[in-house]
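The lines below spell out each chain.
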Amino acid sequence: MVGSKNRKLTRFFLIAGVLLFFYAPIASLMVFSFNDSRSLTSWAGFSTQWYTALFANREMMSAIYVTLLVALLSTFISTVVGTLTAIGISKSRKIIRELIINVNNFPILNPEIVTAIGLMLLFSSLSIEKGLITMLVAHIIFSTPYVILTVLPKLRGLDPDIAEAAMDLGATPAQALWKVIIPLIMPGVISGALLAFTMSFDDFVISYFVSGNGVKNISILVYTMSKRINPTINALSTILVVIITFVLLIVNLLPFLKKKELRGAE
Amino acid sequence: MRQLIEFKNVVKEFNGVLVLKGINLVIHENEFVTLLGPSGCGKTTLLRILGGFISQSEGEVFFDGIEISNVPPYKREINTVFQRYALFPHMNVYDNIAFGLNIKKQDKNTIKQKVTRMLKLVGLEGYENRPVTLMSGGQQQRVAIARALVNEPMVLLLDEPLGALDLKLRKEMQHELKKIQQEVGITFIYVTHDQEEALTMSDTIVVMNNGEVQQIGTPTDIYNEPENRFVADFIGESNIMEGVMVDDYRVRFDETDFECIDSGYTEMTPVDIVLRPEDIDIVPVEMGKIKGIVQSSLFKGVHFEIVVESPYREYIIHTTDNAAIGQEVGLHFFPEDIHIMYKMGY
């Protein structure tokens, strides 16, 4: 009995240790966003001055705007392109399918810095002015492979006759896509979109190399201010953590709510 | 009966392999046709060409007098019950069945009436709101049939629809399918490799092998008068012997001449001979046309399956009387039990 109690304690401390290791930095960051002084290590009382400062800082607000705009647009475009590509791949002959999947995996395995420098050189050699558009294009480029990779397994899990069944019942190929295929692979499309969004949202390396003309996303901004860091960054990070927590909660609770609805219908 | 579908010299090639080698076939209105053959014989390919999911490499397909090779599947008055049903898992039973009608934008009341009628036809009243993923194989099968029939097609294609069901359910569904076909009065084209299923349900059986039609006929024709060794072997258990026609009404096999009822062959034509196991009787040695020793006897429920070894071969016999293993017996059959077929390739 003593042994089992000991084992339980070990387990508890192990899990607590892991959680502490993961979340203590985030918790400390959130706590010090409410600090009354500039210090990031010693507590001087509660205040919301850094939040006020954040919303008053035009540079920061512009970085948030750029980050969100690029993330939303690149997520939308890469999700559409990636999903359609995945559907195309799943209907291709084996040799073409394998080839495209391998080509698709390449940018994922390739070090980010290589992609970044490659894109930078490409934009320079084509003398495209670096700015919002180049950042958006780059983000679409590096997100799309992840969307393809998450949608493909969903397509593989479908009944191979399902699109034919829809057309057999009078649906045009477009109707079969919208009414049958897309709804069935939706979970994969949504996780692909979430992945694309987070990839774009916190990207630094590639964005840094392909942006210019004062266009900065949050990562670039934080990097450039790292020498004169102040708790506004903590305030910004806190807001992001809260948003992400909410999104995760919704994503995880949705299936439960849906199941309840189904049971209610029966 | 009016001619509804005609395949004219249909050839299909996949990556250099000939899957269909020139199929000619006519199917009539209100006919229950079964395409029967071993896997890989091309029967499903032929069905998919008719459904419009693949196109033939050569040849023509006529539907109601019109060549339909370039008509997409969604414009054909043909519906299909797929092998694994291919139901839409994100919809309930009602929405699955209503899918085709919703696409055609029929009004809600008409759809409701038609779906309700279909649910009644397949015996699934009260299951409207059930998600299809929570249904048994047999129930999913019924949904698939209702989903196809609700569109009032002129032809229903069924691709081995009972393959996934257990024996008892399969028998039940065989009768039910036949009943449904008679009730709705349309052409059913049914693909299977199960000869018993084909014999039970069909008006016409098309036996296929290696991309070719081997024989077309009624179940009794196919069973009693197989045209060649393949058909005889595939349809039911058989004793198949090689022999020659000695003369009209005389056939020689196992170095013995037997009386038969076939004539019109040129003398000494090599032929294949079929003796159905149920046509052979076990009699005392002196009364038999062939002599042999009982090798084994298996109880099969209705009959015994007895193997008798003669000096030339083993014969399979189905009889209700058992015989002791090791006993010497005679085998008896009547002249009309001997079925003569031209050898394949002649």
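Residues numbered from 1 in each chain as written. Chains lettered and ligands numbered in written order. Predicted model: local features only at pLDDT ≥ 70, side-chain atom pairs only at ≥ 80, totals over all residues. Heavy atoms only, no water.

Asks: Before we move on, can you summarise the overall build of chain A with the specific residues and values?
Replies: Scanning chain A from terminus to terminus reveals 11 helices and zero strands. Since a compact globule built from 266 residues should have a radius of gyration of about 18 Å, the 23 Å found for chain A marks it as more spread out than a globular shape. In terms of overall dimensions, chain A has C-alpha extents of about 70 × 70 × 40 Å along its principal axes. Burial analysis of chain A (266 residues in total) assigns 35% to the buried set. Sequence separation of at least 24 residues holds for 71% of the intrachain contacts in chain A that already meet a minimum separation of 6. (Helix = DSSP H or I, 4+ residues; strand = E, 2+ residues; numbered from the N terminus. Rg over C-alpha atoms; globule rule 2.2 N^0.38 Å. Buried < 20%, exposed > 50% of the residue type's maximum accessible area, 1.4 Å probe, protein only. Contact = heavy atoms within 4.5 Å.)

Asks: How would you summarise the packing of helix α2 (residues 93-103) of chain B against helix α4 (residues 137-149) of chain B if you had to cite specific residues and measurements?
Replies: Residues and elements named next belong to chain B. Across the interface, α2 lies against α4 with an axial gap of 7 Å and an inter-helix angle of 30°. In terms of orientation, α2 and α4 fall into the roughly parallel class. In the crossing of α2 with α4, the sense of the turn from one axis to the other is right-handed. Each of Val93, Asn96 and Ile97 in α2 lies in contact with α4, whose residues at this interface are Val143, Ala146 and Arg147. Class assignment of the residues belonging to the contact of α2 with α4 gives a composition of four nonpolar, one polar and one charged. (Axes fitted to C-alpha atoms, helices over the stretch in contact; angles between N-to-C directions. Parallel < 35°, antiparallel > 145°, perpendicular 65-115°, else oblique. Left-handed = near helix turned anticlockwise from the far one by under 90°. Nonpolar A, V, L, I, M, F, W, Y, C, P; charged D, E, K, R; others polar.)

Asks: Tell me about the packing of aromatic side chains, and please be specific about residues and values.
Replies: Two aromatic rings are characterised by how far apart their centres lie and by the angle between their planes. Evaluated as defined, the whole model comprises 20 aromatic pairs over all chains. Following the ring pairs from residue to residue traces out a cluster consisting of A:Phe204, A:Tyr208, A:Phe209 and A:Tyr223. Over the ring of B:Tyr223 we find B:Arg276, and its NZ or CZ is 4.2 Å from the ring centre. (Phe/Tyr/Trp six-rings, centres within 6.5 Å; stacked < 30°, edge-to-face > 60°. Lys NZ or Arg CZ within 6 Å of the ring centre and 35° of its normal.)

Asks: For the packing of α2(B) against helix α3 (residues 108-121) of chain B, give the residues involved together with the corresponding values.
Replies: Residues and elements named next belong to chain B. Where α2 contacts α3, the two axes come as close as 10 Å, and the packing angle between them is 125°. Considered as vectors, α2 and α3 are oriented oblique to each other. Considering only the axes of α2 and α3, their crossing is right-handed. On α3, the residues that touch Val93, Tyr94, Ile97, Ala98, Leu101 and Asn102 of α2 are Lys108, Ile111, Lys112, Lys114, Val115, Met118 and Leu119. Taken together, the residues of the contact of α2 with α3 sort by class into nine nonpolar, one polar and three charged.

Asks: Describe in detail the sheet that holds strand β18 (residues 314-319) of chain B, supporting the description with residues and values.
Replies: Residue and element names in this part refer to chain B. Strand order in this open sheet of five strands is β15-β19-β16-β17-β18, and the pairing throughout is antiparallel. Strands at the two margins of the open sheet, each flanked by one partner only, are β15 (281-283) and β18. Taken over all neighbouring pairs, the strand axes of this sheet differ in orientation by 50° on average, direction set aside. Here three bridges tie β15 to strand β19 (residues 328-332), and the two strands are oriented antiparallel to one another. Bridging from a neighbouring strand, aspartate 281 pairs with histidine 332 of β19. (Pairing = 2+ DSSP bridges.)

Asks: Lay out the interface of chain B and chain A with the relevant residues and their values.
Replies: Between chain B and chain A, the contact holds 25 residues from the first and 22 residues from the second. Where chain B abuts chain A, roughly 2,000 Å² becomes buried across the two surfaces, and 64% of that area is made up of carbon and sulfur atoms. Considering only the side of chain B, the residues that lose the most area to chain A are B:Tyr74, B:His90 and B:Ile103, jointly responsible for 29% of the buried surface there. Summed over the shared surface of chain B and chain A, the number is two salt bridges. (Buried area = accessible area lost by both parts, 1.4 Å probe. Salt bridge = Lys/Arg side-chain N within 4 Å of Asp/Glu carboxyl O.)

Asks: Can you break down the pattern of salt bridges residue by residue, with the values?
Replies: All names here are of chain B. Across all of its chains, the model carries 17 salt bridges over all chains by this definition. One salt bridge in this structure joins lysine 171 and glutamate 196, with 3.1 Å as the shortest N-O distance. You can see lysine 171 sitting in helix α5 (residues 167-184) and its partner glutamate 196 sitting in helix α6 (residues 195-201), a full 25 residues away along the chain. A residue is classified by how much of its surface remains accessible, and lysine 171, at 33% relative accessible area, is partly exposed. Overall, glutamate 196 belongs to the partly exposed group, its relative accessible area being 32%. A salt bridge links arginine 252 to aspartate 257, with the shortest nitrogen-to-oxygen separation between them at 2.7 Å. With relative accessibility at 28%, the residue aspartate 257 sits in the partly exposed group.

Asks: Requested: an account of the confidence of the model for chain A, with residues and values cited.
Replies: Detailed reading of the predicted coordinates is not advisable wherever pLDDT is low. The pLDDT averaged across chain A works out to 86; a share of 95% of its residues lies at or above 70. For chain A, per-element mean pLDDT is lowest for helix α11 (residues 232-265) of chain A, which scores 78, and highest for helix α7 (residues 162-168) of chain A, which scores 92. (pLDDT = per-residue confidence, 0-100.)

Asks: For the environment of B:Phe53, give the residues involved together with the corresponding values.
Replies: With respect to the helices and strands, B:Phe53 occurs in the loop between α1 (43-51) and β4 (58-63). Between the C-alpha atom of B:Phe53 and that of B:Pro72, which follows or precedes it by 19 residues, the distance is 8.0 Å. Here B:Phe53 is in contact with A:Glu164, A:Asp168, B:Arg48, B:Pro73, B:Thr80 and B:Phe82, once residues within four sequence places are set aside.

Asks: Before we move on, can you summarise a nonpolar patch on the surface with the specific residues and values?
Replies: Side chains of A:Leu14, A:Ile15, A:Val18, A:Leu19, A:Phe21, A:Phe22, A:Tyr23 and A:Ile26 sit close together on the surface and give an oily, nonpolar patch of about 860 Å² of accessible area. Its place among the elements puts A:Phe21 in helix α1 (residues 2-32). (Patch = residues over 30% accessible without salt bridge, like charges linked within 9 Å, V, L, I, M, F, W, Y side chains within 5 Å. Areas by Shrake-Rupley, 256 points an atom, 1.4 Å probe, with all protein chains shown as cover.)

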